[in-house]
Amino acid sequence: MKQNGSLFRRFLKLHFLFIFLPPIILISFSAFFGVSGIQVQEINTLNLFHLTVLLFGFIIVAFVILSWRFFLNLQRRLADLQGVMSLSARNNVFPSPIPVLADRMDEIDQLGSSFNWMIQQLEDSRRQAQEEEVLRHRLIANLSHDLRTPLTILRGHVTRLNKEVVSIEGQLSLTEMNQTITRVGDLMDDLLSYTLLTSGKHPFEPVSTDMARLVRAAVASWYPVFEDNQIQLDADLPAEETFYWEVDPKWMIRVLDNLFQNIVRHAAEGKYANIGVNVENEQIIVADKGPGMDNTSDERGAGIGLSICHTMLKRMGLQANFTSNEKGTRVVIIRV
């Protein structure tokens, strides 16, 4: 960017002018009037001293006034720039461009012009990111909708084949196909839910909730599933003591369902699940004796379900601490 004028160069020129110009005028004046002897006699030493003091007093006063005006103008222009930046930071809004004089274009105007250019680049980046996010959400929603139809058709064919006379190997294949269709449907639901969560469109209605009662209801609904998978359930759920959290009950049930589902899918070989509520420390504990989270299995996905849990818990002011090794996984949900 071309610089039309330097603020500090003008400051130095003006101040040096006021420092050196009066003495030069005084010397020239003295040299001119020094030719006449009569005039030399009229200007005695006392008058010359008074003139010198007056001259240097004028120089000092002029220097102070010019410096004060310069720094006052500098402080005002910098304060305007700082005010625009701090206003956007305090109100968490996007900053507005500041006015810049193109004909002056000194150092501060160049700073303001660079600030305006940065704002324009950030605005373009934000607009592009919003457009990409809208397209991504629309694509995920459309894919989720479009894939449900063929999955429904496949499930219908699997159900029809189950009624036919097939071999034992065929029955196992049909069972595996049906489970795969269910997993794909669950993944699409998780992907759609995660998209709604990240875009802030998932309904969120926090209320004061009895956590012991909520966990007890979630365990009761999952008990038949644990029993069918021969998983020994060790539930430590106090009947009389409890604590309350300000959470969305539907979101909390979704989090617990995901944790219980992970036990059935990834830790069923441990044949053990411990679900408890620590009223004294206000904790919800879910543990198993599976191979651990680092173990790779055919059932393991991309972790969308856990991402949904972390996002929901963070929104509700909670946190899930995971401890996992080859002897099992322990999850402790606490309030932050």
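Everything here concerns the structure above.
Residues numbered from 1 in each chain as written. Predicted model: local features only at pLDDT ≥ 70, side-chain atom pairs only at ≥ 80, totals over all residues. Heavy atoms only, no water.

A closer look at the pattern of salt bridges
The tally for this structure, following the rule as stated, stands at 4 salt bridges. Residue R126 pairs with E123 through a salt bridge whose shortest N-O separation is 3.0 Å. You can see R126 and its partner E123 sitting in helix α4 (residues 107–162), 3 residues apart, about one turn around the helix. Among the residues examined, R126 registers a relative accessible area of 36% and is labelled partly exposed. Residue E123 is classed as partly exposed on the basis of its relative accessible area of 22%. Here D124 and R127 are joined by a salt bridge, their closest N and O atoms 3.1 Å apart. Here the residue D124 and the residue R127 both occupy positions in helix α4, the gap between them amounting to 3 residues, near one helical turn. For D124, a relative accessible area of 29% gives the class partly exposed. (Salt bridge = Lys/Arg side-chain N within 4 Å of Asp/Glu carboxyl O. Helix = DSSP H or I, 4+ residues; strand = E, 2+ residues; numbered from the N terminus. Buried < 20%, exposed > 50% of the residue type's maximum accessible area, 1.4 Å probe, protein only.)

Description of the pairing of strand β3 (residues 244–247)
Going residue by residue along β3, you find W245 and V247 tucked away on one face and Y244 and E246 left uncovered on the opposite face. Bridge count for strand β1 (residues 207–210) against β3 is 4 bridges, and the pairing is antiparallel. Considered in β3, the bridge of S208 is made with E246. (Pairing = 2+ DSSP bridges.)

As for the nonpolar core
Among the nonpolar cores identified, the biggest contains 38 residues, and M252, F260, I284 and I333 are the most heavily contacted of them. Breaking this core down by element, the ones donating at least two residues are α6 (211–228), β3, α7 (249–266), β4 (272–278), β5 (283–288), α8 (304–315), β6 (318–325) and β7 (328–335). When near neighbours in sequence (up to four residues on either side) are disregarded, I284 contacts M211, V215, F243, W245, M252, L256, G276, V331, V332 and I333. Residues L151, V158, L174 and I181 belong to the second largest nonpolar core, which totals 5 residues. (Core = buried A, V, L, I, M, F, W, Y, C linked by side-chain atoms within 4.5 Å. Contact = heavy atoms within 4.5 Å.)

Points about the packing of aromatic side chains
With the rule as written, the count across this model stands at 5 aromatic pairs. A centroid spacing of 6.0 Å and a plane angle of 70 degrees characterise the contact between F226 and F260, whose relative ring orientation is edge-to-face. Taken together, the positions of F226 in helix α6 and F260 in helix α7 put the pair 34 residues apart, joining distant regions of the chain. Each member of the pair, F226 as well as F260, is classed as buried. Three or more aromatic residues joined by ring pairs make a cluster, and in this case those are W222, F226 and F260. Positioned above the aromatic ring of Y272, the side-chain terminus of K289 is 4.4 Å from the ring centre. (Phe/Tyr/Trp six-rings, centres within 6.5 Å; stacked < 30°, edge-to-face > 60°. Lys NZ or Arg CZ within 6 Å of the ring centre and 35° of its normal.)

Considerations on the packing of helix α5 (residues 168–198) against α8
Contact geometry of α5 with α8 gives a least axis separation of 9 Å together with a crossing angle of 30 degrees. Between α5 and α8, the crossing angle belongs to the class labelled roughly parallel. In this structure, α5 meets α8 at a crossing whose hand is left-handed. Contacts from D190, L191, S193, Y194 and L197 of α5 reach α8 at I304, G305, S307, I308, T311 and M312. The residue makeup of the contact of α5 with α8, split by class, is 6 nonpolar, 4 polar and 1 charged. (Axes fitted to C-alpha atoms, helices over the stretch in contact; angles between N-to-C directions. Parallel < 35°, antiparallel > 145°, perpendicular 65-115°, else oblique. Left-handed = near helix turned anticlockwise from the far one by under 90°. Nonpolar A, V, L, I, M, F, W, Y, C, P; charged D, E, K, R; others polar.)

Quick look at α6
The terminal C-alpha atoms of α6, which comprises 18 residues, lie 26 Å apart, in line with the 26 Å expected from a rise of 1.5 Å per residue. Looking only at α6, the buried set comprises M211, A212, L214, V215, A218, V219, W222 and F226. For α6, the secondary structure elements touched by its buried residues are β1, β2 (232–236), β3, α7, β4 and β5. Sitting at the amino-terminal end of α6 is D210, which places a side-chain oxygen 3.3 Å from the backbone nitrogen of A212. (Expected span 1.5 Å × (residues − 1). Polar contact = N/O pair within 3.5 Å; in protein donor to acceptor, adjacent residues only side chain to side chain.)

Overview of the sheet that holds β7
Spatially, β2-β4-β5-β7-β6 is the arrangement adopted by the 5 strands of the open sheet, whose pairing is mixed. The sheet is open, and its two edges are formed by β2 and β6, each paired on a single side. Between one strand axis and the next, the sheet turns by 10 degrees as a mean value, whatever way the strands run. Bridge analysis of β2 against β4 gives 5 bridges, and the strand direction is parallel. When the sheet's bridge partners are listed, A235 is paired in β4 with I275. Contacts from α7 reach β4, β5, β6 and β7, with the element oriented near 20 degrees to β5.

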